[in-house]
Amino acid sequence: MKKIKISFVGVGFMSQIAHIINYYKNKKVELYEVCDLDENLAKEVKKKFNFTGKIYKDYTKMDTKNVDGVVIIVQRQLLEKITGYFLKNNCNVFSEKPHSYSLNEYKKNKKNQKKVWLKGYVRRHDTAIKKFKKNYLIKKNNLGKLNSISYYVSSGNSYLGAKHFVNPFIKKEFKSPLSKFPKFIKKKNYKLYDIYANTALHSIDLFDFFEMKFVDILFAQIDDNNFLCNFTTLTKIQKEKILCQIFLNSSPNQLWDEKMIFMYEKGQVIIKFNSPLFKKGSHKITIFNKLKNETTNISFKNKWCFNQQTLDFVNYIEKKNYFNFNSLSGKDCIKNYENIWKFYINKKNKI
Ligand SMILES: NC(=O)c1ccc[n+]([C@@H]2O[C@H](COP(=O)([O-])OP(=O)(O)OC[C@H]3O[C@@H](n4cnc5c(N)ncnc54)[C@H](O)[C@@H]3O)[C@@H](O)[C@H]2O)c1
């Protein structure tokens, strides 16, 4: 059987621990070309994971004709431009998140999408989350009206102590064009905008997936360690406003820790997400019924992880399943994220 040829742009830390390793183990895949500014790193990675094609420093020289999919795992500020190049060249693309810094830039890339464009932050692909939406979110839990939702992420860089990867040899110097920040973000805020784009999109995407449309941002506070935002949403199922909160914070040694609490008239539903780095394990869902004073614990084993993301990309390429996950666009995420910042900046200026 003809193997699916996958090339990589950017073979640093995340690329190796979360992506290359899963393609390497997949029998349907041939790892093809490698591109990294750090040629020594590219060489080592090619050897370690049996890439069959050439090594490049410049991604514009790569083979875009005979490759089946390109996986782009570079620093956040480079993602958008490089992704845009491969989308324009008619390639199936998987890109890490955040896939854009602004709505305008996102729209430009989206216009160029001719085949698959899968993005790397998508809990909505998680079968457990899909099941949760269908069976427990509003209709079937018998807890009455949904009053509020809180979403907490505590993130860090510990990555379960991952050690077995080839360390980059050079200091990162970006020669490539960087993604554009929205005009209303001042240079001094670029770093924070970048940090929180990386994590806020996970939660904003889930609100979107649960069909909750942001209506009104009530409060936003953003600083070096915290991102806090209160807003109201409407859902398709329940047409009244629901009060929501996203709270993000980070500390260097923290494992990714993520939780969502739904408060209903007659109880609560809590989802405790498993880390995406664990192939095994499950999300834990607790349903508390106040009237009956009853707690039900549900464990969803079939969950999204980096390996599942690899399987999805290969599967979409095989089936030429180009657009039926188009609604999972991310456009609304970026729009909402921009709006939170606009609110924060305006409010701050008024004080
Ligand atoms: N999905 C997740 O949960 C998750 C978690 C953490 C990070 N990320 C994302 O993963 C991405 C990479 O993070 P990382 O920690 O691996 O960074 P890293 O610095 O270890 O690796 C990036 C690599 O890209 C290479 N590179 C830079 N510019 C290039 C270019 N023009 N052409 C080719 N290669 C180039 C660098 O030399 C480096 O080796 C980021 O976008 C980050 O947001 C995703």
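Before any of the text, the structure's been laid out above.
Definitions and cut-offs
- Residues numbered from 1 in each chain as written.
- Predicted model: local features only at pLDDT ≥ 70, side-chain atom pairs only at ≥ 80, totals over all residues.
- Helix = DSSP H or I, 4+ residues; strand = E, 2+ residues; numbered from the N terminus.
- Buried ≥ 20, exposed ≤ 12 C-beta atoms within 10 Å, placed from the backbone.
- Contact = placed C-beta atoms within 7 Å.
- Axes fitted to C-alpha atoms, helices over the stretch in contact; angles between N-to-C directions.
- Parallel < 35°, antiparallel > 145°, perpendicular 65-115°, else oblique.
- Left-handed = near helix turned anticlockwise from the far one by under 90°.
- Nonpolar A, V, L, I, M, F, W, Y, C, P; charged D, E, K, R; others polar.
- Pairing = 2+ DSSP bridges.
- Expected span 1.5 Å × (residues − 1).
- Core = buried A, V, L, I, M, F, W, Y, C linked by C-beta atoms within 7 Å.

1. Concerning the overall build of the protein chain
A count of helices and strands for the protein chain gives eight helices and 14 strands. The buried share of the protein chain, taken over its 351 residues, is 39%. Expressed as a percentage of contacts within the protein chain between residues at least 6 apart in sequence, the contacts between residues at least 24 apart total 67%.

2. With respect to the environment of F313
Looking at the element boundaries, F313 is found in helix α7 (residues 306-318). What makes F313 buried here is the crowd of 26 C-beta atoms within 10 Å. Counting along the chain gives 220 residues from F313 to V93, while the straight-line C-alpha distance between them is 8.5 Å. If sequence neighbours within four positions are ignored, F313 has contacts with G69, F94 and L118.

3. A word on the packing of helix α1 (residues 13-24) against α7
Two packed helices can be described by the angle between their axes and the distance between those axes. Orientation of α1 relative to α7, taken along the N-to-C sense of each, is 55°, at an axis distance of 9 Å. If you check the angle between α1 and α7, you find them oblique. With respect to the hand of their crossing, α1 and α7 are arranged in right-handed fashion. Across from A18, H19, N22 and Y23 in α1, the residues of α7 making contact are F306, N307 and T310. Along the lines of polarity and charge, the residues of the contact of α1 with α7 split into three nonpolar, four polar and no charged.

4. Topic: the sheet that holds strand β7 (residues 146-155)
Sheet architecture is open: eight strands sit in the order β8-β9-β10-β7-β11-β12-β13-β14, paired in mixed fashion. Each having just a single partner strand, β8 (212-222) and β14 (294-300) make up the two edges of the open sheet. Taking the axes of each pair of neighbouring strands and ignoring which way they run, one obtains an average angle of 15° across the sheet. In terms of strand pairing, β7 meets strand β10 (residues 242-250) through eight bridges, oriented parallel. If you follow S154 over to β10, its bridge partner there is N249. Contacts between helix α6 (residues 190-209) and the sheet are confined to β7, β8, β9 (226-235) and β10, with β10 contributing the most and set at about 140° to the helix.

5. Some remarks on the sheet that holds strand β1 (residues 4-9)
Strands sit in the order β3-β2-β1-β4-β5-β6 across an open sheet of six strands; the sheet is parallel. Each edge of the open sheet carries a strand with a single partner, namely β3 (55-56) and β6 (117-120). For β1 and strand β4 (residues 69-72), the ladder comprises four bridges, and the chain directions are parallel. Residue F8 lies in a different strand from β4, and its bridge partner there is V71. Along the sheet, helix α3 (residues 76-88) makes contact with β1, β4, β5 (93-96) and β6, crossing β5 at roughly 180°.

6. A few points about the environment of K259
Take K259: it is sitting in strand β11 (residues 257-264). Judged by C-beta crowding, with 15 C-beta atoms within 10 Å, K259 ranks as partly exposed. Sequence-distant contacts of K259, that is, excluding residues within four places in its chain, are made with Y152, I270, I271, K272 and F273.

7. Quick notes on α1
Compared with an ideal rise of 1.5 Å per residue, which puts 12 residues at 16 Å, α1 spans 15 Å between its outermost C-alpha atoms and is within 8% of the ideal. The inward-facing, buried residues of α1 contact β1, β2 (29-35), α2 (39-49), β4 and α7.

8. Some remarks on the environment of V9
For V9, the location among the structural elements is in strand β1. Put simply, V9 and L37 are 28 residues apart on the chain and 9.2 Å apart in space, counted from C-alpha to C-alpha. Those residues in contact with V9, other than ones at most four positions away along the chain, are C35, Y59, V70, I72, V74 and I82.

9. Digging into the pairing of β14
Here strand β13 (residues 283-289) runs beside β14; their pairing, made up of seven bridges, is antiparallel. Each residue of the ladder has a partner; that of T286, found in β14, is N297.

10. Concerning the nonpolar core
The nonpolar side chains of a soluble globular protein tend to be buried, and buried together. With 43 residues, the main nonpolar core has Y196, A197, A200 and Y337 as its most contacted residues. Top element by residues in this core is α6. It accounts for nine residues. The contacts of Y196, once residues within four sequence positions are left out, are I222, F227 and L248. Grouped together as the second largest cluster of nonpolar side chains are 40 residues, V9, F51, V70 and L78 included.

11. Remarks on the packing of α3 against helix α4 (residues 103-112)
Here α3 crosses α4 at 20°, and the two axes come no closer than 8 Å. By the criterion of interaxial angle, the relationship of α3 to α4 is roughly parallel. When you trace α3 past α4, the crossing you get is left-handed. Along the contact surface, α3 presents E80, T83, G84, L87 and K88, while α4 presents E105, K108, N109 and N112.

12. A short note on the pairing of β9
Across nine bridges, the pairing between β8 and β9 is antiparallel. Looking across to β9, one finds that Q221 is bridged to L228. Hairpin connection, β8 to β9: the antiparallel pair is bridged by three residues. For β9 and β10, the ladder comprises eight bridges, and the chain directions are antiparallel. Looking at the pairing, L228 lines up with F247 of β10.

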